[in-house]
Amino acid sequence: MIEKQEKNKLYLYRVCKMVFTWLFCMVFRVRTVGRENVPESGGYVLCCNHRCVMDPVLLAMRDPRPVHFMAKAELFEDHGSFVAGFLSHLGAFPIHRERADRKSLQQAISLLKAGRGVGIFPEGHVMPVGTPFQAHPGAVMVAVRTASPIVPAVILTRRGARLFSKTKIRFAPPLDPNHLPGVGPDAPAKEKTEAAMRELERVMREMLQEENPSGEKGEK
């Protein structure tokens, strides 16, 4: 029964991906770089900057594997049972951002241990172009706990997400939480988490320079 439910969810995900890929490639003129950096198998944490509410759709379109997105709890609680059920059937799960949501983090850990991809926006909120990338620790923590690679990704839109504007999605090579600069594989989890945070922020800020080379803040 559970296996059948999972197959139905995967079928719905693929149908939605096919429809939205056709639509969004026209509306947002999406170009993708680095899809080969997504691991072919095993769990991984997809960490991306956050520009607009459609970011999960854009990422799901271009990631070659199904992704379970961690989404703000308000999407599940404030828009009725149909929306909550639809999001759940697409593999998304809620997180309460105003507190340490252990249930959500445990859900992410379980998915990673099962070999799934988990999508997280570490900034926690939609940020305007030009805002320095700064991550909350949850995404890195679950990666360290499960020894899962972290795939940094950026959605590049110099003036923010607009209809018919050029959008680039770039996937960077994965970061291995067990092999980070200055930290050995036997280091305590806290040291690994701190090192992975530094490396993730470094890689993300480097990639985001392409979006805003002048260093000026974009339009809100």
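These numbers were taken from a predicted model, which means no experiment stands behind them.

Visitor: Help me out: how do you make sense of the pairing of strand β2 (residues 44–48) in this one?
Guide: Regular strands place side chains that alternate from one sheet face to the opposite one. Burial analysis of β2 places 5 of its 5 residues in the buried class, which makes it a mostly covered element. Summarising the sheet, β2 and strand β5 (residues 117–120) pair through 4 bridges and their orientation is parallel. Pairing of Leu-46 across the sheet is with Gly-119, part of β5. With 4 bridges connecting them, β2 and strand β6 (residues 150–156) associate as parallel partners. Each residue of the ladder has a partner; that of Val-45, found in β6, is Ile-150.

Visitor: Looking at this structure, how should I read the layout of surface pockets?
Guide: The rolling of a water-molecule-sized probe over the atoms marks out the regions of remaining empty space. Taken as a whole, the largest pocket holds about 1,200 Å³ of empty space. What lines the largest pocket is a set of 43 residues, and nearest its centre among them are Pro-56, Met-70, Ala-71, Lys-72 and Phe-121. Elements with a minimum of two residues in the lining of the largest pocket: α1 (2–27), α2 (55–62), β3 (67–72), α4 (80–89) and α6 (138–146). If you tally residues by element for the lining of the largest pocket, the top one is β3, at 5 residues. Residue composition of the lining of the largest pocket, by class: 30 nonpolar, 8 polar and 5 charged.

Visitor: What's the story with the confidence of the model for the protein in this structure? I'm lost.
Guide: Keep in mind that low pLDDT regions are not for reading the predicted coordinates in detail. Residues of the protein with pLDDT of at least 70 account for 89%, and the chain-wide mean is 85. The secondary-structure element of the protein with the lowest mean pLDDT is α1, recorded at 71, while β2 shows the highest, at 97.

Visitor: It is not clear to me how the pattern of salt bridges should be interpreted in this structure. Could you clarify?
Guide: Between side chains of opposite charge, pairing is possible as soon as their charged atoms come close. With the rule as written, the count across this model stands at 4 salt bridges. Across the pair Glu-199 and Arg-202 runs a salt bridge whose closest N-O atoms are separated by 2.7 Å. One end of the pair is Glu-199 and the other is Arg-202, both in helix α7 (residues 189–208) and 3 residues apart, which spans about a single turn. For Arg-202, the salt bridge identified is with Glu-206, shortest N-O distance 3.4 Å. Of this pair, Arg-202 and Glu-206 are both found in helix α7, 4 residues apart, which corresponds to roughly one turn of the helix. Sharing partners across several salt bridges, the network here consists of Lys-168, Arg-170 and Glu-210.

Visitor: Would you explain a nonpolar patch on the surface in this entry?
Guide: Together, Met-18, Val-19, Phe-20, Trp-22, Leu-23 and Met-26 make up an exposed nonpolar region whose accessible area comes to about 620 Å². By secondary structure assignment, the location of Met-26 is in helix α1.

Visitor: Looking at this model, I keep getting lost on the sheet that holds β6. Mind explaining?
Guide: In a beta sheet, neighbouring strands pair by backbone hydrogen bonds and run either parallel or antiparallel. Pairing is mixed in the open sheet, where 7 strands are placed in the order β1-β7-β6-β2-β5-β3-β4. A strand with exactly one partner marks an edge of an open sheet, and here the two such strands are β1 (30–33) and β4 (93–95). Strand-to-strand, the axes of this sheet are offset by a mean angle of 25°, without reference to chain direction. Judged from the 4 bridges that link them, β1 and strand β7 (residues 167–171) form a sheet pairing that is parallel. Looking across to β7, one finds that Thr-32 is bridged to Ile-169. Each of β1, β2, β3, β6 and β7 touches α2; the most contacted strand, β7, lies at about 60° to it. Of the strands in this sheet, β2, β6 and β7 are in contact with α7, which crosses β6 at around 30°.

Visitor: Honestly, the packing of aromatic side chains in this entry has me stumped. Any pointers?
Guide: Two aromatic rings, taken as a pair, are described by how far apart their centres are and by the angle between their planes. Here the structure, examined in full by the defined rule, presents 2 aromatic pairs. When the centroid spacing of 6.1 Å and the interplanar angle of 15° are considered together, the rings of Phe-69 and Phe-121 count as stacked. Here the residue Phe-69 occupies a position in strand β3, and Phe-121 occupies one in the loop between β5 and α6, the gap between them amounting to 52 residues. By relative accessible area, which is 9% here, Phe-69 ends up buried. Plain terms: the ring middles of Phe-82 and Phe-86 are 6.4 Å apart, the flat faces sit at 10° to each other, and that makes the pair stacked. Of this pair, Phe-82 and Phe-86 both sit in helix α4, separated by 4 residues, roughly a single helical turn. Note on Phe-82: relative accessible area 68%, which makes it exposed.

Cut-offs and rules
Residues numbered from 1 in each chain as written. Predicted model: local features only at pLDDT ≥ 70, side-chain atom pairs only at ≥ 80, totals over all residues. Heavy atoms only, no water. Buried < 20%, exposed > 50% of the residue type's maximum accessible area, 1.4 Å probe, protein only. Helix = DSSP H or I, 4+ residues; strand = E, 2+ residues; numbered from the N terminus. Pairing = 2+ DSSP bridges. 1 Å grid on protein atoms, 1.4 Å probe; cavity = no way out; pocket = protein on both sides within 12 Å on 5 of 7 lines; lining within 4 Å. Points joined across faces, edges and corners; volume = space filled by probe spheres on them. Nonpolar A, V, L, I, M, F, W, Y, C, P; charged D, E, K, R; others polar. pLDDT = per-residue confidence, 0-100. Salt bridge = Lys/Arg side-chain N within 4 Å of Asp/Glu carboxyl O. Patch = residues over 30% accessible without salt bridge, like charges linked within 9 Å, V, L, I, M, F, W, Y side chains within 5 Å. Areas by Shrake-Rupley, 256 points an atom, 1.4 Å probe, with all protein chains shown as cover. Axes fitted to C-alpha atoms, helices over the stretch in contact; angles between N-to-C directions. Contact = heavy atoms within 4.5 Å. Phe/Tyr/Trp six-rings, centres within 6.5 Å; stacked < 30°, edge-to-face > 60°.

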